[in-house]
Amino acid sequence: MSVITARPVNDWNPLSLRREQLLQLIGVLFGIVVLLLTVLMPLYAILSKSMENSSGDFVGLDNFIEYAATPSLASSVTHSLTIASVTTLIVVTLALICAYALQRSCMPFRGTIRLLMMGPIFAPSLLPAISMVYLFGNQGVLKSWLMGESIYGPIGVVISLSFWCFPAALMIISTALSNTDARLYESARALRTSALRTFLTVTLPSIKYGLISAGFVVFTLVLTDFGAPKVIGGQYNVLATDIYKQVIGQQNFQMGAVVSVILLFPALLAFAVDRWVQRKQVALLTSRAEPLRPEPAAIRDWSLFAVCMLVIAVIIGVLGMAVYASFISFWPYNLEFTLDNYQFDLMDGGGWDAYENSLEMALYTALFGTALIFSHAYLVEKLAGFRLLRTLLHLMAMVPLAVPGLVLGLAYIFFFNSPDNPLNFLYGSMAILVICTIAHYYTVCHLTAVTALKQIDAEFEAVSASLKVPFYITFWRVTLPVCLPALLEIAIYLFVNALNTVSAVVFLYSSDTMLASISVLNMDDAGDIAPAAAMGVLLMFTCIGVKLIHWLLSHMLLNRTQGWRQSR
Amino acid sequence: MNGAYLSIKNVSKSFGDFTALSNISLDIREGEFVCFLGPSGCGKTTLLRAVAGLDLQTEGEIHQAGEDVSWLTPDQRDFGIVFQSYALFPNLTVAENIAYGLKNRKTSRSKLNARVEELLEMIGLPESGVKYPSQLSGGQQQRVALARAIATSPGLLLLDEPLSALDALVRVHLRSEIKELQRKLGVTTIMVTHDQEEALAMADKIVVMNHGVIEQIGTPEEIYSRPKTAFVASFIGQMNFLSSRMLDDGKVQVGGQLLDCEHDKLFQPDNDMQLAIRPEDIRVRYNGDATNTMPADVRHVEFLGSFVRSELDVDGIMEPVIAEFSMNDVRDLQIAKGSRLMLDLPSSRIHLFESAR
């Protein structure tokens, strides 16, 4: 019966690691080293740079004092905070109404409406800003709507970023609204509670953390976005454009580092709040909750429908304007249809090569990023030993969320361009763009992977061990197939973001690795606004196409695995 | 060596300040079916996971088949395990699940298939090999998990609350099946459960645990009829507890009543104690062999099918006493709310415990 092999009792030594454990240890250590090299050490480089003078001597906080004493710079702090607060207020309010309509009403076409509302997520933040120029700019079709105000400034930035951040807030608040227990509402009704009081005592508390989380996500996005203020901000300085101007315009790297460090603070705060909210959120849900099925109520449903239609009209209007403008000869004088704006090779800004580079970069990012992030998440979540190291890896994986893209990009210059760094050869290559983009979007993917891993039975590894099957076989045969939807999701997220990102890579591209998103920026800068719109539109349609492929793939996958997948 | 298949010696486990297991020692013979029984948080699962090597103990040794396995990883030990959640691989068929551990041992394909067929037969699901776990009921899934665990013929089978996620009827059915399978295979088995009925029905030996210590080890009969501690008495079955006092002459005073008790424990005279007796041990019919008789009023009667549970007001005793009478007793003695009875509390059925402080 017993299949145990005889082994001398005393030969086991806790220090002699076995092959499997050694593999796991190497995996965890590799993850730690990767994040150390791609996130923490660059951040250290930028911190130390902010305390150096131009000849590299340590000067303490002198740079910060100089910064505070320069009114043109210090005003950016106020500007950034103002824009972020106003945008957050607008976006969260709108997203709450729309999410409520989607989750808690019986209005028609909810699926289609949700889909259309996600539209802005597929375009770089530059695109709505370019659209603003066409809509409300000096030659804009709707210029009169601004009643004499200029779109170039806070108004344009707020509108563009509200538009761009809306899908993120909508998703978070929708999720919060979907996590509810119908019995709470039935109890409230049985106790004859008024609709308003039910909203205040049942609905609001249950989505409180979702609202806070959405607020901070939008706040951080606005604060750290660079594309929209660059295109439509005019003379209105914000922190993100300051970094760019200091570094690219004035070659003042120290001051760029100082602004970066300042930009880190609000992002860190948002990060801390988000972590706190996540922890609270979990405790709120019970497994026995009954899903809420809304009942029709004509007045509520149709008024919410009207609001949603308005929002969709704006989304279609803004995106449509960009698409339309990209096919027009010479706005607004010659409205003839043309494809000239798509002749990127004739413009300054990298041409079609830039688009190819972008695709290549996005593909590598999706491929390597998914493999790297998922395997690290697996090690963090499913191993039994090395608790301390695993916690360290998890904490390090959380850091990128708090680091704005521009800061990371600048940090990469300081770290990788240093002649003492043996990794110096990466500078100016495609590889550094991929590495930087993976690092930039690491945390969200890590959390997606961890969530997916948490959902599968915690005892798989224990069962495999008892059956003497090595962990990597179970990883390959069970964990990976079960997590395939999450893997696809991570890959798509990385691909879309890699295609649209400007902030992190704007400091890192070389003439050989020009990217499409950056060429939008450069063409707009050079006054070639129609080709800029065209490239932005091209990126958007690429993302939508990829998303479509993703949708088809996951459908095929679900059909093939329907036998064992119970849900859906 | 003492001939035990599994020896747990002075095992302790603490998480920071919290002591999950404190100095546990236990021997299990080959082929024995042992239940770790206790309320949630008593340390029973922690002890099982220490035996499996899934969560190592802080101190102490575990020997299996004469070998010190205390610090071995799970895959270096010899056991099969079944979890409450089944932990079946959802993307593999039932047959692939069962073959999961066999495949790795480089068994030939025909042998492997034959073994899987044999196991499917054994668990009564001969046609289900091609199905996926989600297409099976909970009870069927747990059977597959069991087949997967015994497929490699381990020397030790560990069951972690295997029946807790199932419906009451399935549970009763499956527990006799598991017990029969275990007897047939003769595999040494440890099952963790919080369900006393399950433990009483299945185990050769029950280990009652509370707050990280073993309260009592014994056969189901011993545990039930001779509980060593007040905790065991209260956790298993129903028990009346009455505050009482030991008198100089060896009699026990409960309120205004004096009772004779047989007991082997030493109690100081004049000490506060707890007297305990099970509801079914209180008699209303006796033929002159009564030891402790006393009158009582029936305050309340609860009909439970084959018997009634009644709440009694015993003369001179403040606390209500619960007694269970068969339907025959009820009919013959016309027991109903308000009727007056003469009870006997047999001295051999009375348990005495230290008073809870």
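Given the structure is predicted, the values throughout are model-derived calculations rather than measurements.

**Examining the confidence of the model for chain A**
Residue and element names in this part refer to chain A.
- Predicted confidence across chain A gives a mean pLDDT of 87, with 94% of residues reaching 70 or more.
- Taken element by element, chain A is modelled with least confidence in helix 11 (residues 253-284), mean pLDDT 81, and with most confidence in helix 16 (residues 430-440), mean pLDDT 96.
- Contacts of residues 1-16 to residues separated by more than four positions or lying in other chains number 19 contacts, the stretch itself having pLDDT below 50.

**Topic: the side chain of T198 of chain A**
Residues and elements named next belong to chain A.
- Tracing the chain through its elements places T198 in helix 8 (residues 195-224).
- Taking the relative accessible area as the measure of exposure, T198 reaches 13% and is therefore buried.
- Once residues within four sequence positions are removed from consideration, T198 is found in contact with Y185, A188, T193 and T203.

**Brief notes about the sheet that holds strand 18 (residues 340-344) of chain B**
All names here are of chain B.
- If you trace the four strands from one edge of the open sheet to the other, you get 17-16-15-18, paired in antiparallel fashion. Unpaired on one side and paired on the other, strand 17 (321-326) and strand 18 mark the two borders of the sheet. When the angles between neighbouring strand axes are averaged without regard to direction, this sheet yields 50°.
- In terms of strand pairing, strand 15 (residues 293-303) meets strand 18 through five bridges, oriented antiparallel. Residue pairing in the sheet places T293 in a bridge with D344 of strand 18.

**Regarding the interface of chain A and chain B**
- Between chain A and chain B, the contact holds 31 residues from the first and 38 residues from the second.
- Around 3500 Å² of area is buried between chain A and chain B when both sides are counted, 58% of it from carbon and sulfur atoms.
- Seen at the junction of chain A and chain B, the total is one salt bridge.
- Taking the shortest distance from any N to any O, the salt bridge between R49 of chain B and E459 of chain A comes out at 3.5 Å.
- Viewed at the interface, chain B and chain A are joined by five residue pairs in polar contact (both at pLDDT 80 or more).
- Mapped onto the side of chain A that touches chain B, the elements with two or more residues apiece are helix 1 (19-49), helix 18 (460-466) and helix 19 (471-482) of chain A.

**Some details on the pattern of salt bridges**
All names here are of chain B.
- Enumeration according to the criterion identifies 23 salt bridges over all chains in this entry.
- Across the pair D204 and K179 runs a salt bridge whose closest N-O atoms are separated by 3.3 Å. Linking D204 in the loop between helix 6 (196-202) and strand 9 (205-210) with K179 in helix 5 (residues 168-185), this pair joins segments that are 25 residues apart in sequence.
- Assessed through its relative accessible area of 10%, K179 is described here as buried.
- In this structure, R340 and D315 form a salt bridge, with 2.5 Å as the shortest nitrogen-oxygen distance. Of this pair, R340 sits in strand 18 while D315 sits in the loop between strand 16 (307-314) and strand 17, and the two are 25 residues apart along the sequence.
- Overall, the relative accessible area of 28% leaves D315 in the partly exposed class.

Reading guide: rules and limits
Here the residue index of a chain counts from 1 through its sequence in written order. In the order they appear in the text, chains get letters beginning with A and ligands get numbers beginning with 1. Local features in this predicted model are restricted to residues of pLDDT 70 or higher, and side-chain atom pairs are both shown and tallied only at a pLDDT of 80 or more, whereas totals for entire chains, interfaces and linings draw on every residue. The basis for the side-chain values is all heavy atoms of the structure; hydrogens and waters are excluded. Residue-level confidence of the predictor, termed pLDDT, takes values from 0 up to 100. Secondary structure is summarised from DSSP: a helix means a run of H or I of at least four residues, a strand means a run of E of at least two, and numbering begins at the N terminus for each. Any two residues having at least one pair of non-hydrogen atoms within 4.5 Å are treated as being in contact. Relative accessibility thresholds used throughout: buried, under 20% of the residue-type maximum; exposed, over 50%; partly exposed, between the two (1.4 Å probe, protein chains only). Strands are labelled as partners when DSSP assigns at least two bridges between them. Lines fitted to C-alpha atoms define the axes, with helix axes restricted to the stretch in contact, and inter-axis angles between N-to-C directions lie between 0 and 180 degrees. Buried area, as used here, totals the accessible surface that two parts lose on assembly, with accessibility defined by a 1.4 Å probe and the loss added over both. Note on definitions: salt bridges are taken to be side-chain nitrogens of Lys or Arg within 4 Å of carboxyl oxygens of Asp or Glu. Distance and chemistry together define a polar contact, namely a pair of N or O atoms within 3.5 Å, with one atom able to donate a hydrogen and the other to accept it when in protein, and with adjacent residues in sequence counting only for side-chain atoms on both sides.

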